Amino acid sequence: METPSVEPPVERPVVRPNPEPPAGPPAASPAAPPGSDPEAPRPWLPPLRPLRMADPWRWLAAGWRDFRRAPGIGLVFGTLFAVMGWALVGALRAAPAYVLALSAGFLLLGPFLALGLYKVSRDLERSETPDLGDALTCWSDHIGQMALFGGALLLLEMVWARASLVIFAVSFDSPPEIHSLRDLLAPDYLPFLTAYVAVGAIFATLIFAFSVIALPMMLDREVDAITAALTSAQLVWTQTGVMALWALLIAALVGLAMVPGFAGLLIVGPWIGHASWHAYRSAVGDLRTSDSG
C-alpha cells in the first residue's frame, strides 16, 4: 500500500505595512537680508546712524525753524523753564545748602518738560498742525514707561543731592552767607566749587548719557524705558565726540539764558527742546529684523 506523499508547507510571504515615507526636507526659512549672518542673534536695540561734528549745529538750526513755526506753544513751554529758574532763586535765598543739589533738577525736569516740544516737532515733520493741548498731554500715552524712566533718574538725582550736601557740610563749619549765585564765585568758596563741580560732572554725564534721546524715542516708538535708556547710552559711548559737543552747546546756551534773570529760557528752552528732537531723528535708525526660521 502506497504511502501518500506529504507536500511541504508553502511559505507565504509576510506582508508588512509600507513604511512611512521619509520626511521631506524642512521648510526653508525666509531668506536673510544680504550680508547678514543667519546664525547671529536678532538685535534688540535700534541701529545708530553715524554722526558728524557739524550735526549739532544742524540740529540747532532745525530746532530754531520749528520754534519759529509754532512760537506760541514754544513760549508756553519757555515760561515753564523760566519758572523753574525763578524757583531755584527762591530756594537759594531760603536754603543755600540745598540750592546746588536742586540745580540738578534742571537736568532731570528739562527733558520731561520738553516732551511737548518733541511732539510739536514730530507734528511739523509730518506736516500736521501742532496743538497746545496735545503737546501738554502727549506723555499720557506712555505714562507707564515714562514714569519708570523718571523714577530711575529721580533716584540718581537723589544720590547726587546727597553727595552735594555732604560736600557742603565738609566744606563749611557754619552756613555761609550766600545771597546770590555771584557770592559762590568768591575765592573762599573755590575749594568747595571745585569739589562740587567734579562730583556734579560725573552725575551730570550719567543723566545726559541715559536721557539725551531716550524721551523722544519713547514718545515716537513703542519701546520700554530700558531700551530707550540703553540706546541713548550707546549713542554717547560710540559717538562721544559729537555728543560731547552737543552737551557743551546745551550747557553754554542754558548758561547764557540764565544770566538775564532766567528770561533767556523763554527762547532757549523751547529752542533746545525742538533741536533735541532732531538729534534723536538723526541718530536713531529703524529696527529691521527677519525671522530665523
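Residues numbered from 1 in each chain as written. Predicted model: local features only at pLDDT ≥ 70, side-chain atom pairs only at ≥ 80, totals over all residues. Heavy atoms only, no water.

A tally of helices and strands in the protein chain yields 12 helices and zero strands. The secondary structure elements of the protein chain, listed N-terminal to C-terminal, are α-α-α-α-α-α-α-α-α-α-α-α. Long-range pairs, those at least 24 residues apart, make up 79% of the contacts in the protein chain between residues at least 6 apart in sequence. Working note: accessible area of the protein chain is about 17600 Å², and carbon and sulfur atoms make up 65% of it. (Helix = DSSP H or I, 4+ residues; strand = E, 2+ residues; numbered from the N terminus. Contact = heavy atoms within 4.5 Å. Areas by Shrake-Rupley, 256 points an atom, 1.4 Å probe, with all protein chains shown as cover.)

On to the UniProt feature "transmembrane region" (unreviewed entry) in the protein chain, then. Listed under "transmembrane region" (unreviewed entry) in the UniProt record, and renumbered for this structure, are residues 73-92, 98-118, 147-172, 192-215 and 244-272. Across residues 244-272, the secondary structure splits into 79% helix and 0% strand, with the terminal C-alpha atoms separated by 15 Å. (UniProt positions renumbered as here; feature names shortened; annotations may be inferred.)

Attention shifts here to the pattern of salt bridges. Counted by the stated rule, this structure contains six salt bridges. Across the salt bridge formed by aspartate 55 and arginine 58, the nearest N and O atoms sit 3.3 Å from each other. Highlighted residues: aspartate 55 and arginine 58, both in helix H1 (residues 55-69), separated by three residues, approximately one helical turn. The exposure class assigned to aspartate 55 is buried, which follows from its relative accessible area of 3%. Relative accessible area serves as the criterion here: at 41%, arginine 58 is assigned to the partly exposed category. In this structure, arginine 126 and aspartate 220 form a salt bridge, with 3.7 Å as the shortest nitrogen-oxygen distance. Highlighted residues: arginine 126 in the loop between helix H5 (115-125) and helix H6 (132-137) and aspartate 220 in helix H9 (residues 214-220), separated in sequence by 94 residues. On the basis of relative accessible area, arginine 126 is assigned to the partly exposed category, the value being 45%. Salt bridges sharing partners connect three or more residues here, namely Arg52, Asp55 and Arg58. (Salt bridge = Lys/Arg side-chain N within 4 Å of Asp/Glu carboxyl O. Buried < 20%, exposed > 50% of the residue type's maximum accessible area, 1.4 Å probe, protein only.)

Further remarks concern the packing of helix H7 (residues 143-171) against helix H8 (residues 190-211). With their axes 10 Å apart at the nearest point, H7 and H8 run at an angle of 175° to one another. One finds that H7 runs roughly antiparallel with respect to H8. Contacts between H7 and H8 involve Phe149, Leu153, Leu156, Val159, Trp160, Ala163, Ser164, Ile167, Phe168 and Ser171 on the former and, on the latter, Phe192, Ala195, Tyr196, Val199, Gly200, Phe203, Ala204, Leu206, Ile207, Phe210 and Ser211. Class assignment of the residues belonging to the contact of H7 with H8 gives a composition of 17 nonpolar, four polar and no charged. (Axes fitted to C-alpha atoms, helices over the stretch in contact; angles between N-to-C directions. Parallel < 35°, antiparallel > 145°, perpendicular 65-115°, else oblique. Nonpolar A, V, L, I, M, F, W, Y, C, P; charged D, E, K, R; others polar.)

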